[in-house]
Amino acid sequence: MAESAPGSAGPDASALDAGLRESLEGIFTTMLAREVSPPDASAGDRAAAAARWFVARIELHGDRDGVVSLRCDPGAARALAIALLMMDEADTLADEEVLDAVGECANMLAGGLKTRVFDPLGYWIIGTPACAVEAALPDSKAHHAVDCGLGGGLLTVDLSWAAETRTAAVH
Amino acid sequence: MKKMLIIDDSATMRKIIMRVLRQAEIPVSDILEAGNGKEGLQRLVADPDIAMVLSDINMPEMNGIDFLKAVRTRRDKVSLPVVMITTEGGDAMIQTAMDSGANGYVTKPFTPESIRTALEGLIG
């Protein structure tokens, strides 16, 4: 692919927060036919008790290095897969299929963020999704995050920069 | 009715595209799949009845731009319709794809209507 000069110092925090939310909203309204909504009151408790998390991470490289992550508890992950694949609630889905759906959602999320926020600033690249079912929700040191409810569960998206301690979050 | 090849490293996205093609009533007799550009090229060489390709860009092994360039070097595939379906919505990438010989470009996430519009006139 064509190479160009490295990007600028990077987007500001408000642009990143807005870009993350808008990318997620674009996926929800276009592919899932629903709005992004806050998690319900008990989603946090269920999420804390969840033994497994479906996680997809995509690296972002430019003037800075970062990771875009999408994490879903089992309820949200299954709801996401069912909606993306236009299946019925009663349909059976293997973990592998659910994880692939989460990965593709993360792919669209990272791509949307890159198009909206990073491409106007210069040369940035995104990787392909790295997906895994993890035993527990890791302590997130994310600098920009959005939490939403889906299928009675919790879905979180965030962007973390390498070697950075400042945090900002949007709920 | 013609054959179509979908190239994307996500099985989920290949299934979504297939459903959308059915919803959009795109006239294809058979839909083939490949998980990356290298596999897609192998499929294309092996099956002369493939009349159109929908391809992602960011894929392992061989990305969609390199796949497209490889297709356009083949005399028998110079005019094969290839539409890119990708998360890369920036002007630079779109221009790269069109300069490399893409016939159309759809950005993910997409609606059935955007797929139909991109394929209009490309498949008989």
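All of the points below concern the structure found in this document. (Residues numbered from 1 in each chain as written. Chains lettered and ligands numbered in written order. Predicted model: local features only at pLDDT ≥ 70, side-chain atom pairs only at ≥ 80, totals over all residues. Heavy atoms only, no water.)

1. Here's the deal with the sheet that holds strand E1 (residues 2-7) of chain B
Residue and element names in this part refer to chain B.
Part 1 of the argument: As summarised here, the arrangement of the 5 strands in space is E2-E1-E3-E4-E5, forming an open sheet in which the pairing is parallel. The sheet terminates laterally at strand E2 (28-34) and strand E5 (104-107), the two strands that pair on one side only. Each strand axis lies, on average, 20 degrees off the axis of its neighbour in the sheet, ignoring direction.
Part 2 of the argument: Packed on one face of the sheet, helix H3 (residues 64-72) meets E1, strand E3 (50-55) and strand E4 (82-86) and runs near 175 degrees to E4. (Pairing = 2+ DSSP bridges. Helix = DSSP H or I, 4+ residues; strand = E, 2+ residues; numbered from the N terminus. Axes fitted to C-alpha atoms, helices over the stretch in contact; angles between N-to-C directions. Contact = heavy atoms within 4.5 Å.)

2. A closer look at the packing of aromatic side chains
Residues and elements named next belong to chain A.
Part 1 of the argument: Under the defined criterion, the tally for this structure stands at 3 aromatic pairs over all chains.
Part 2 of the argument: Ring centres 4.5 Å apart and planes at 45 degrees place the aromatic pair Phe-118 and Trp-124 in the tilted group.
Part 3 of the argument: Judged by relative accessible area, which is 3%, Trp-124 ranks as buried.
Part 4 of the argument: Consider the rings of Trp-124 and Trp-161, whose centres lie 6.1 Å apart with planes at 55 degrees: the pair is tilted. Of this pair, Trp-124 sits in the loop between helix H4 (95-118) and strand E3 (125-126) while Trp-161 sits in strand E6 (residues 153-161), and the two are 37 residues apart along the sequence.
Part 5 of the argument: Look at Trp-161 and you get buried, because its relative accessible area is 4%.
Part 6 of the argument: Following the ring pairs from residue to residue traces out a cluster consisting of Phe-118, Trp-124 and Trp-161.
Part 7 of the argument: One Lys or Arg, Arg-64, reaches over the ring of Trp-161 and ends 4.2 Å from the middle of that ring. (Phe/Tyr/Trp six-rings, centres within 6.5 Å; stacked < 30°, edge-to-face > 60°. Buried < 20%, exposed > 50% of the residue type's maximum accessible area, 1.4 Å probe, protein only. Lys NZ or Arg CZ within 6 Å of the ring centre and 35° of its normal.)

3. A closer look at the environment of Leu-99 of chain A
All names here are of chain A.
Part 1 of the argument: With respect to the element layout, Leu-99 can be found in helix H4.
Part 2 of the argument: Note: C-alpha distance between Leu-99 and Ala-136 (37 residues apart in sequence) is 15 Å.
Part 3 of the argument: Dropping the residues within four chain positions of it, Leu-99 is found in contact with Phe-54, Val-55, Cys-131, Ala-132 and Val-133.

4. A closer look at helix H3 (residues 74-84) of chain A
Residue and element names in this part refer to chain A.
Part 1 of the argument: Among the 11 residues in H3, 8 count as buried, and that is most of the element.
Part 2 of the argument: Burial in H3 covers these residues: Ala-76, Ala-77, Ala-79, Leu-80, Ala-81, Ile-82, Ala-83 and Leu-84.
Part 3 of the argument: Looking one or two places after H3, you find Met-86, whose phi comes out positive at around 55 degrees.

5. Considering the environment of Gly-103 of chain A
All names here are of chain A.
Part 1 of the argument: One can find Gly-103 in helix H4.
Part 2 of the argument: A C-alpha to C-alpha distance of 8.0 Å links Gly-103 and Leu-70, two positions 33 residues apart in sequence.
Part 3 of the argument: Here Gly-103 is in contact with Ala-56, Pro-129 and Cys-131, once residues within four sequence places are set aside.

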